[in-house]
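Working through the structure, step by step
Given next are the chains, with one letter for each unit.
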Amino acid sequence: MEKDYAKSLKYTVKILDAWLPWKISYDRIPGIVVGIVYKGKLVYQKGFGYLDVEKKILMTPKTSFRIASLSKTFTTVAIMQLVEEGKIKLDDSVQKYLNWFKGNTKEADLKNITIRQLLSHTGGVFRDGDTSHWADGIFPDATELKKAVSARSVVFENATHFKYSNFGFAVLGEVIRKVSGLSYEKYVTENIIEKLRLERTSPDYNKESEVWISKGYSRPIPGKGREAFSHSKTNAYAPATGFLSNVTDLAKFISALSLKQKKADAFLGRESKKEMMKAHWRTGEEDEEYGLGLDIYKIKGRKIVGHSGGFAGFVTEFSLDVKNDIGVITLTNTNDSSGDVINSGIFETVYGLVDEGDMQSENKKILNQERFEGIYRSQMLDAIVVGIKNTLLSFSPKSNSPLRNGTILKLRSKNKFLMETKSNFASQGEMANFIFRKEAKKASRVFFGAMPLERLEKESGE
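About the cut-offs
Residues numbered from 1 in each chain as written. Predicted model: local features only at pLDDT ≥ 70, side-chain atom pairs only at ≥ 80, totals over all residues. Heavy atoms only, no water. Buried < 20%, exposed > 50% of the residue type's maximum accessible area, 1.4 Å probe, protein only. Helix = DSSP H or I, 4+ residues; strand = E, 2+ residues; numbered from the N terminus. Pairing = 2+ DSSP bridges. Axes fitted to C-alpha atoms, helices over the stretch in contact; angles between N-to-C directions. Contact = heavy atoms within 4.5 Å. 1 Å grid on protein atoms, 1.4 Å probe; cavity = no way out; pocket = protein on both sides within 12 Å on 5 of 7 lines; lining within 4 Å. Points joined across faces, edges and corners; volume = space filled by probe spheres on them. Nonpolar A, V, L, I, M, F, W, Y, C, P; charged D, E, K, R; others polar.

1. Describing the pairing of strand S9 (residues 302-311)
- Counted residue by residue, S9 has seven buried out of ten residues, so it is predominantly covered.
- Judged from the five bridges that link them, strand S8 (residues 295-299) and S9 form a sheet pairing that is antiparallel. Residue tyrosine 297 lies in a different strand from S9, and its bridge partner there is isoleucine 304.
- In this structure, the hairpin formed by S8 and S9 is closed by a connection of two residues, where lysine 300 is found at a positive phi of approximately 50 degrees.

This is the structure:
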């Protein structure tokens, strides 16, 4: 029997609307925008919190972010387009196109490093060149990038290690410039941004993007609050980390990468996309591999491809379930963010609702579910209650995965529910009893076993 992902997404959205305002409050994230793509359509897009905390300007789905290393996937698409045109081959050496990509000693011999190896982070070159641009915001230009090629550039012999390298992708930007005859910015603008009709996407920060972009906030340091960063251009490092974009545009980009959307093959051929999604090397992180410009991992048995990004003031993530054609985009405006686990938690919720859907078939129908829904608080904990099908779901607003870490409440008698949870340290097998004041439309408190929690009148995380 085919799994009903559309219905699962419907209930996932309800959970997100209840969870995320409180989650970001607990995690001290200034703002977040989340998008979900299903079969090429953006089925959910919503902002929570603030793009400007000081001025109390709210996040919206149109807000742009520094998407950082998601830029690498754009750069990979550009390379694969040139491969399809016959202008370049993945297994060509970088030196074939860039005669300055040479070391000045035997130890720094770069002649065997290929395009494919830089795309898969197996070229062995250093991570960020030889300048302190992540600290001072002054990123190298093309001339300075060339000067960085030296004996220090080679850390490992090529094709022997996975070694993540922004420098390697900066070099790929120069390959694109050399082969196409266009600047990197002009090439990706004409062949990706304009082709996909992306409205608030740019290869690097510029004056025009000032009106689109969220403020980016620092991590909190003991004795200090979050501080807003100033934006900077990434210059030669734009192919590795320069891009700005938003949920609406990234949804179009994910749909263009899909193997299920035949129209998207005109943007980039199916074989090229499959090559990007094929594992080339293990990253060293648990159960994670890397393709070409894409991370590859699994969530509840499903293959996921995508990329994460971190920039001064931003943590971002986009992911695509290849088989089921589900994409999730999570964009946050602080560099101390749980955006990556939120992204995974959304997938886990979608899959959990699909995989465990039959567990609710025997439940009694709950009339007026909204009477029980809301957030409740005790001295020990807070709990969000959401109605899902014929059950209620209770979970901590701090949770990274509401369904995985939550408690299912099954109706047993009027206002009383059996609690089912995977944790034997919780109140497994006991009753949740909702208490109503006279004439009240919503429960005023709930007892989880012997633990009383009072409803919070304020229904948001602000």
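This is not the end of the story, as more comes after the structure.
2. Section: unusual backbone geometry
- In this model, lysine 39 sits at a positive phi of 50 degrees, which is unusual for a non-glycine residue.
- Mapped onto the fold, lysine 39 is located in the loop between strand S1 (31-38) and strand S2 (41-52).
- The backbone of alanine 159 sits at a positive phi, close to 60 degrees, despite the residue not being glycine.
- Counting through the fold element by element, alanine 159 comes out in the loop between helix H5 (142-147) and helix H6 (166-180).
- Accessibility expressed as a relative area gives 38% for alanine 159, which makes it partly exposed.

3. Structural notes on the sheet that holds strand S17 (residues 431-435)
- With antiparallel pairing, eight strands are arranged side by side around a closed barrel as S12-S13-S14-S15-S16-S17-S18-S19. Geometrically, the sheet is characterised by an average inter-axis angle of 30 degrees between neighbouring strands, direction not taken into account.
- Alignment of strand S12 (residues 374-377) against strand S19 (residues 451-455), held across two bridges, turns out to be antiparallel. Looking at S19, one finds that tyrosine 376 is bridged to arginine 455.
- Along the sheet, helix H1 (residues 5-26) contacts S12, strand S13 (382-388) and strand S14 (391-395); its crossing angle with S13, the most-contacted strand, is approximately 165 degrees.

4. Section: empty space enclosed by the protein
- In this structure the tally under the stated criterion is one cavity of 30 Å³ or more.
- If you add up the space inside the largest cavity, you get close to 30 Å³.
- Lining the largest cavity are Gly129, Asp130, Thr131, Pro140, Glu144, Leu145, Ala148 and Tyr237.
- Of the residues in the lining of the largest cavity, the class split is four nonpolar, two polar and two charged.

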